[in-house]
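In case you want the letters, here they are:
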Amino acid sequence: MAQLIIEKLTKRFGTSIGVEGLDLSVNEGELVALLGPSGCGKTTTLRMVAGFLPPTSGRVLFDREDVTQLPAYKRATGMVFQSYALFPHMSAADNVGFGLEMRGLNAAERKTKIEEALKLVRLSHLADRLPRQLSGGQQQRVALARALVINPRIFLLDEPLSNLDAKLRAEVRLEIRALQQRLGLTTLMVTHDREEALTMADRLVVMEGGRVRQIGTPQELYDSPVDAFVADFVGRCNILPGRRADERQFRTSGGLLLPVDVIGGERDDANAFALRPERIDIVPGDAGEVRGRVQAITYMGAQTEYVVAFGDETLVAVRPTPDAGEPLAALKPNDSVSLQWDRKVPRLVPQTSS
Amino acid sequence: MLFRFTGQLSFGQFAVRTLIVVAYAVIFAPVVMIVVTSFFAQEIVSFPPPGLSLKWYANALSKPEFLRGLVTSFQVALLATAIGVPLGTAAALAIVRGEFRGRQALSSFLLAPLAVPGVVAGSGLYMFYVLAEDLLDRDIKATTEGLVAAHTLLAIPWTVRLVVASLQGLDRAAEEAAANLGASPFTVFRRITLPMMRSGIVAAAMFSFIQSFENLDLSMLLVGPGRITLPVAMLNYLEFRIDPTLAAVATVQIMLVGLLMVVTDRFVKLSRVV
Ligand SMILES: Nc1ncnc2c1ncn2[C@@H]1O[C@H](COP(=O)(O)OP(=O)(O)OP(=O)(O)O)[C@@H](O)[C@H]1O
Ligand SMILES: [Mg+2]
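Model, not experiment: these values are computed from the prediction.

### Concerning the packing of aromatic side chains
Residues and elements named next belong to chain B.
So, point 1. All told, the structure shown has 13 aromatic pairs over all chains when counted by the stated rule.
So, point 2. Aromatic side chains Phe74 and Phe213 sit 6.2 Å apart centroid to centroid with 90 degrees between the ring planes, which places their arrangement in the edge-to-face category. On the criterion of sequence distance, the pair formed by Phe74 in helix 3 (residues 64-97) and Phe213 in helix 8 (residues 185-213) is long-range, its members being 139 residues apart.
So, point 3. For Phe74, a relative accessible area of 38% corresponds to the partly exposed category.
So, point 4. Note on Phe213: relative accessible area 2%, which makes it buried.

This is how it looks when you write it as structure tokens:
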């Protein structure tokens with residue numbers, strides 16, 4: 001296992017930007033996820049690390065060794081492709097054995113390692129099947145075993161779960177994470193599923209338009225997004241444009257005054273108030289600081305969502321679904337309510353119009 | 001499924017099925033006719049036949065031109081396939097994978113022989129060969145080499161067409177995966193690309209062979225004494241006699257082609273390729 005360092009990596013396709021000035025390091029045994037909307041440059045980044053795509057400028061280093069000019073087949077990365085990319089004319093075992101063969105292992109050595117790898121992904125009983133005789137989840141695990149068995153310096157995953165159904169996805173997510181931690185794999189993963197990113201990654205890189213917006217732990221990004229884009233991308237978020245009124249309040253463009261403690265460190269260009277729905281408390285009646293009217297109540301099982309209107313503006317609050325008898329249970333649309341939150345929780349962030 | 005008449009058929013379904021049956025009948029009727037008449041005892045075909053016999057087969061065997069024609073056709077088809085398929089495959093790779101200007105033009109150019117009537121191409125080649133013989137001072141027309149060169153023109157477009165199709169359907173990610181696992185570009189080609197193109201190439205070889213084997217129009221002007229292909233030999237026979245001997249020869253030809261298709265189908269499912 002190695003440390004991956006990406007320096008000022010840039011890829012342009014003609015005049016259009018694929019990736020622009022990406023700086024990132026993935027430490028030994030760490031799993032970093034690239035997260036962002038479609039077309040933000042995630043795959044492009046991964047392909048440059050794997051060596052399938054020459055960068056326009058910048059460097060890729062494995063353990064301080066500059067591999068930027070090294071062809072893909074000499075880089076010893078282990079990649080799991082979105083489409084799995086199994087060799088259709090080879091059995092599961094031969095797929096797994098291919099990388100070992102390229103490394104010059106003899107048949108006997110290969111056999112042991114193939115067996116080990118297939119056991120790791122719990123597919124020993126299907127070793128002789130051709131890819132087309134396997135289910136999507138099974139193919140996915142063959143691809144995983146194939147990438148792992150060569151003991152890669154860097155483990156690369158391109159949306160490895162996107163072809164699986166929701167239930168299997170949650171299961172395989174845990175499996176991959178457990179394997180990655182057990183084997184101590186330095187991993188760069190691409191996803192546009194925020195839940196996947198939040199649950200699997202040690203650190204996240206949120207990208208947009210080929211540029212990094214923020215790098216940090218899932219918690220950091222969730223609780224302290226640097227801008228409205230990140231706030232919105234890593235989870236649901238109320239974002240209200242406006243200006244800071246004073247040290248204790250934010251005035252929205254609709255004139256609403258929202259309590260917030262300015263803790264310092266906000267960017268000068270902060271022009272929006274960001275607050276996650278589950279951080280908002282609802283109190284029936286109009287005794288509180290922020291008073292509005294219930295516009296809609298949506299039952300979502302364990303949680304219930306309340307849309308509260310203040311003139312033209314709305315805030316969404318999500319609370320655990322109340323038991324009968326609790327004050328919130330009696331709430332109906334058009335009732336007056338007050339909203340409150342810990343004043344240290346909201347973030348003032350810049351919102352770029354896009 | 002076609003003939004499983006369960007329950008009521010709508011008029012539309014009925015019409016479609018009838019159409020399919022008629023289409024097959026139109027396609028197969030002449031073939032069946034040839035096979036049947038080859039066993040008729042009399043010389044001028046009439047129904048019902050006075051008796052069945054194998055004498056036309058015996059007659060065909062007694063004529064050396066048919067056997068020699070068969071051997072020549074076989075040789076030419078084999079050589080044209082052996083030359084045309086690798087060339088066509090290389091061209092297909094260049095067309096699909098290459099990054100140069102004029103790929104589309106190259107593709108059209110290589111497929112062109114399919115669009116030119118065989119007699120026209122044959123006449124053109126004849127004149128070209130005459131010219132080339134003058135310049136090079138050696139025989140070209142009426143030689144096996146000349147014939148093989150001409151038939152290679154049949155193999156190339158078929159190969160380009162089939163292999164391009166199989167390359168376009170090929171998942172590039174599998175090749176990248178192989179490179180990712182440490183395979184050099186050449187190894188990737190040999191171990192991944194080529195096997196994935198296999199069915200396209202096998203089908204191309206089969207079609208090239210058949211195209212050459214049964215070709216008449218392109219070959220007519222290019223054959224010479226002792227270098228007569230089977231279809232040309234059959235045409236020559238027809239100039240003097242009309243009897244079921246030709247039907248017997250044609251039946252043998254059909255059987256050989258059929259056998260080739262059955263054997264090929266064991267290696268690649270033709271229905272998937274074509
Ligand atoms: N070969 C190419 N030629 C031209 N532009 C390209 C090429 N590959 C990618 N791009 C462009 O580069 C940008 C980034 O593409 P990339 O595939 O990295 O996006 P992504 O983040 O992986 O998106 P997705 O989530 O949809 O997979 C896109 O705007 C895309 O159109
Ligand atoms: Mg992508």
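Next comes the rest of the write-up.
### What about the site of ligand 1?
All names here are of chain A.
So, point 1. Taken together, the neighbourhood of ligand 1 is formed by Phe13, Ile17, Gly18, Ser38, Gly39, Cys40, Gly41, Lys42, Thr43, Thr44, Glu159 and His192.
So, point 2. A distance of 3.2 Å separates an oxygen atom of ligand 1 from a polar atom in the backbone of Cys40.
So, point 3. Contacts to ligand 1 include Gly41, whose backbone N or O atom sits 3.0 Å from an oxygen atom.
So, point 4. Compared with its free state, where it exposes 640 Å², ligand 1 has 58% of that area covered by protein.
So, point 5. Looking at which element gives the most residues to the shell around ligand 1, the answer is helix 1 (residues 42-50), with 3 residues.

### Some thoughts on the interface of chain B and chain A
So, point 1. Facing the 18 residues of chain B at the interface are 22 residues of chain A.
So, point 2. Where chain B abuts chain A, roughly 1,700 Å² becomes buried across the two surfaces, and 64% of that area is made up of carbon and sulfur atoms.
So, point 3. It is B:Asn180, B:Leu181 and B:Arg191 that lose the most area in chain B upon contact with chain A, and together they represent 41% of the buried surface on that side.
So, point 4. Counting across the chain B and chain A interface gives 2 salt bridges.
So, point 5. Summed over the shared surface of chain B and chain A, the result is 6 residue pairs in polar contact (both at pLDDT 80 or more).
So, point 6. Of all the secondary-structure elements, those providing two or more residues to the side of chain B that touches chain A are helix 7 (172-180) and helix 8 of chain B.
So, point 7. Ranked by the residues each element gives to the side of chain B that touches chain A, the list is headed by helix 7 of chain B, at 7 residues.
So, point 8. Split into classes, the residues belonging to the side of chain B that touches chain A amount to 11 nonpolar, 4 polar and 3 charged.

### Thoughts on the domain arrangement of chain A
So, point 1. Looking at chain A, the domain boundaries give domain 1 (4-223) and domain 2 (239-349).
So, point 2. Summarising the inter-unit geometry, the C-alpha centres of domain 1 of chain A and domain 2 of chain A are found 40 Å apart.

### Concerning the sheet that holds strand 5 (residues 65-66) of chain A
Residues and elements named next belong to chain A.
So, point 1. What the 4 strands build is an open sheet, ordered 2-1-4-5; its pairing is antiparallel. Each edge of the sheet is formed by a strand with only one pairing partner; in this case those strands are strand 2 (16-26) and strand 5.
So, point 2. Direction of pairing for strand 1 (residues 4-13) relative to strand 2: antiparallel, over a ladder of 7 bridges. Bridge pairing in strand 2 places Leu4 opposite Val26.
So, point 3. The strands touched by helix 1 are strand 1, strand 2 and strand 4 (57-62); relative to strand 1, the strand with the most contacts, the crossing angle is about 120 degrees.

### Here's the deal with the pairing of strand 6 (residues 77-80) of chain A
The side chains of a regular strand alternate between the sheet's two faces.
All names here are of chain A.
So, point 1. Taking every second residue as pointing to the same face, both faces of strand 6 are buried, with Thr77 and Met79 on one and Gly78 and Val80 on the other.
So, point 2. As judged from the 4 bridges shared by strand 6 and strand 7 (residues 154-158), these two strands associate in the parallel manner. From the neighbouring strand, Gly78 faces strand 7, where its bridge partner is Phe155.

Definitions and cut-offs
- Residues numbered from 1 in each chain as written.
- Chains lettered and ligands numbered in written order.
- Predicted model: local features only at pLDDT ≥ 70, side-chain atom pairs only at ≥ 80, totals over all residues.
- Heavy atoms only, no water.
- Phe/Tyr/Trp six-rings, centres within 6.5 Å; stacked < 30°, edge-to-face > 60°.
- Helix = DSSP H or I, 4+ residues; strand = E, 2+ residues; numbered from the N terminus.
- Buried < 20%, exposed > 50% of the residue type's maximum accessible area, 1.4 Å probe, protein only.
- Near = heavy atom within 4 Å.
- Polar contact = N/O pair within 3.5 Å; in protein donor to acceptor, adjacent residues only side chain to side chain.
- Areas by Shrake-Rupley, 256 points an atom, 1.4 Å probe, with all protein chains shown as cover.
- Contact = heavy atoms within 4.5 Å.
- Buried area = accessible area lost by both parts, 1.4 Å probe.
- Salt bridge = Lys/Arg side-chain N within 4 Å of Asp/Glu carboxyl O.
- Nonpolar A, V, L, I, M, F, W, Y, C, P; charged D, E, K, R; others polar.
- Domains from an automatic or database assignment.
- Pairing = 2+ DSSP bridges.
- Axes fitted to C-alpha atoms, helices over the stretch in contact; angles between N-to-C directions.

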